[in-house]
Amino acid sequence: MSNIGTYEERLKSFDWSIAEKELDYKSGDKINIGWFLSDRNCQKGLAKKLALIHEDHEGKVRKYTFDDMRTITNAMAVFLQKLGIKPGERVCIFMDRAPELYFSFQGILKMGGVAQPLFSAFGDESLFTRLDNAKTAAIFTQKKHVAKVRKILNTLPELRHIIIVDADETTTLRDREIAYNMEKEPRVESFEVFPSTAETPSVLHYTSGTTGQPKGAQHVHYSLISQYLTAKWVLDLQPDDIYWCNADPGWVTGTSYGIIGPWANGITQVVLDAGFSAERWYKTIEKHKITVWYSAPTAIRLLMREGTEVVKKHDLSCLRHLCSVGEPLNPEAVIWSQEAFGKMFHDTFWQTETGCIVITNVPGMPIKPGSMGKPFPGITAAVLDLKTYEPITKAGTVGLIALKPGWPSMMRTYWNNPTVYQSKFKNGWYVCGDRASIDADGYYWFVGRDDDVINTGGHLVGPFEIESALLEHPAVAESAAVGKPDQVNMEVVKAFVALKPGFQPGDDLELEIMNFIRKKLSPLAMPQEIEFVKSLPKTRSGKIMRRVLRAQEWGEPIGDISTLEND
Ligand code: WT7
């Protein structure tokens, strides 16, 4: 029997207080996510249960119980306090998926800090933008990534401490750097956890939009309520499960469902700190007897490409429940997963801003391959008319996905950017920035983004960051970045560049520009191709019309171009 029971029954009687009661929380109580993930589980008799099974790229496995996690995260919280980090200050985590990432996240929360996880593949400029915006006080990192921090340090006066978690005798520590060895550091048996309440800031996740720099979606400790219950009802986590989330905590899936949701439920998690390989992934499932798997369409398509032969070489009968997030899950992938694993992937839709799954196929709900499912109980969703922002009642009509604000894990603002936060609301609805239609049975069908954001392999990339990097090159007069179709990643980045007078387009210049921006951007944001053009399509007011270029790449009709300047 699944945790949710039946969707229809839950809809009738739903209240978020179900989660509050299960977590013994009452309005006005203290609530600290860090405490809930380890201390509370230990108090509930799970001290000796495994919390984390960690495997690194060389295959070395390390295991930690809930009590290990409790005393290690206490030690990390004490360490931060001794450094002089104050509650409310932002502490960045910039490292690969080492155990230190998972534990420092909780240590930061326990001492009242705001955790700011950033994807370790970010280049120095991507890193700088986010540390500068958040006025980050300290950063946890590793030797292999510290060069990027050193490079931008002079322009980050607020960054007081660079904590290197794998420094050894051979590491020469430089300005503001300090070593912290989690395994050698004495564990701390008891720690007075910061008395955060529901609205105390907890996590800051950066996400990209069409215009301007990435924005920090600000979450609070009360988000736990939604993350706990959606992990329980959608991922269907049950006491004996061994759970595997493919996402890196640099992205929201990796924190909401790679740290908070599963551990709030007292579940054992596997973390594989290694890149993609079908063989390795199946081995991991078989070896650790993974039962619940949360993955993403790009990964599933990569697995599909390797075929079912390699699946058959492994005993994957342990798998009980499969979910996917991040991009449209194409029907072929759902059908293939049924063939390959005897189970369908359940699509889940949500965003950095929503903090938890909002539209989804819950266990037991008949799956219509290609549909995202229905709103999670407690989430009021609709698709709105593109012009009036009124909910559309006619089945099959495309509109904007919108949610009624008020669920626990909704972002509370964009860091230092209340104006953009406000602009996300229309007619009392939070507008997600995606288009979909709802069929006669209430199932949601994703259509596409409503803005110029590029979704490559489940990662949102804002055109602005790429264009800004391009514009720094002396030959570039103007540029536009759009998504072009890709079989595996759904889209990849393509850049259009108009050159300044005196520069000639050509392969040499393309390579030179590519090398120039490579150092600044994350590999995900790197264009696969640069096309040199004489000029870019613009509106009369001078805004670049990326959608015209995008439509061209996708072979789609260009739509209304009446505002186009140079047609
Ligand atoms: C955007 C949010 C939420 C965790 C990962 C991404 C797209 C997300 C789906 C889905 C089609 C999806 C949307 C959304 N997206 N899930 N199941 N089907 N598209 O978080 O980086 O904030 O991205 O990802 O465009 O708005 P994010």
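Draft legend 1. Looking closely at the overall build of the protein chain. Helices and strands together make up the secondary structure of the protein chain, namely 18 helices and 27 strands. In terms of overall size, the protein chain behaves like a compact globule, its C-alpha atoms giving a radius of gyration of 23 Å where 567 residues would be expected to give roughly 24 Å. With the C-alpha coordinates of the protein chain rotated into their principal frame, the extents come out at 70 × 60 × 50 Å. Among the 567 residues that make up the protein chain, the fraction classed as buried is 59%. Here the contacts in the protein chain between residues at least 6 apart in sequence split such that 69% fall between residues at least 24 apart. Of the roughly 22,600 Å² that the protein chain leaves accessible, carbon and sulfur atoms contribute 52%. Within the protein chain, the 70 negative side-chain charges are centred at a point lying 3 Å from the centre of the 65 positive side-chain charges.

Draft legend 2. Here's a closer look at the domain arrangement of the protein chain. In terms of domains, the protein chain is made up of domain 1 (7-435) and domain 2 (454-554). Between domain 1 and domain 2, the C-alpha centre-to-centre distance is 30 Å. With 25 residues of domain 1 in contact, the opposing surface of domain 2 contributes 22 residues. Taken together, the links from domain 1 to domain 2 amount to 2 salt bridges. Between the two partners, domain 1 and domain 2, sit 8 residue pairs in polar contact (both at pLDDT 80 or more). Sorting the residues of the side of domain 1 that touches domain 2 by element identifies helix H7 (124-134) and helix H12 (297-306) as the ones contributing at least two each. Ranked by residues supplied to the side of domain 1 that touches domain 2, first place goes to H7 with 5 residues. Among the residues making up the side of domain 1 that touches domain 2, the classes are represented as 7 nonpolar, 12 polar and 6 charged.

Draft legend 3. Local environment of the side chain of Glu510. Within the secondary structure, Glu510 sits in helix H17 (residues 507-518). Notably, Glu510 is buried but unbridged: the nearest opposite-charge side chain belongs to Lys484, and the N-O separation is 9.0 Å. Among all residues touching Glu510, those that are not within four sequence positions of it are Glu529, Ile530 and Phe532.

Draft legend 4. Quick peek at the sheet that holds strand E1 (residues 50-56). Overall, mixed pairing links the 9 strands, which are arranged E2-E1-E11-E10-E12-E13-E14-E15-E16 in an open sheet. At either margin of the open sheet sits one strand with a lone partner, and together these are strand E2 (61-65) and strand E16 (374-375). In this sheet, strand E14 (residues 345-349) lies alongside strand E13 (residues 321-325) in parallel orientation, the contact comprising 4 bridges. In the sheet register, Leu322 faces E14, and the bridge partner there is Phe345.

Draft legend 5. Summary view of the packing of aromatic side chains. Counting across every chain of the model gives 28 aromatic pairs. Centre to centre, the rings of Trp281 and Trp293 are 6.4 Å apart; their planes meet at 75 degrees, and the pair counts as edge-to-face. Taken together, the positions of Trp281 in helix H11 (residues 278-288) and Trp293 in strand E12 (residues 292-295) put the pair 12 residues apart, joining distant regions of the chain. Both residues of the pair, Trp281 and Trp293, belong to the buried class. Centre to centre, the rings of Trp293 and Phe345 are 5.4 Å apart; their planes meet at 65 degrees, and the pair counts as edge-to-face. With Trp293 in strand E12 and Phe345 in strand E14, this pair connects stretches of sequence that are 52 residues apart.

Rules and cut-offs
Residues numbered from 1 in each chain as written. Predicted model: local features only at pLDDT ≥ 70, side-chain atom pairs only at ≥ 80, totals over all residues. Heavy atoms only, no water. Helix = DSSP H or I, 4+ residues; strand = E, 2+ residues; numbered from the N terminus. Rg over C-alpha atoms; globule rule 2.2 N^0.38 Å. Buried < 20%, exposed > 50% of the residue type's maximum accessible area, 1.4 Å probe, protein only. Contact = heavy atoms within 4.5 Å. Areas by Shrake-Rupley, 256 points an atom, 1.4 Å probe, with all protein chains shown as cover. Lys, Arg positive; Asp, Glu negative; His and termini not counted. Charge placed at Lys NZ, Arg CZ, Asp CG, Glu CD. Domains from an automatic or database assignment. Salt bridge = Lys/Arg side-chain N within 4 Å of Asp/Glu carboxyl O. Polar contact = N/O pair within 3.5 Å; in protein donor to acceptor, adjacent residues only side chain to side chain. Nonpolar A, V, L, I, M, F, W, Y, C, P; charged D, E, K, R; others polar. Pairing = 2+ DSSP bridges. Phe/Tyr/Trp six-rings, centres within 6.5 Å; stacked < 30°, edge-to-face > 60°.

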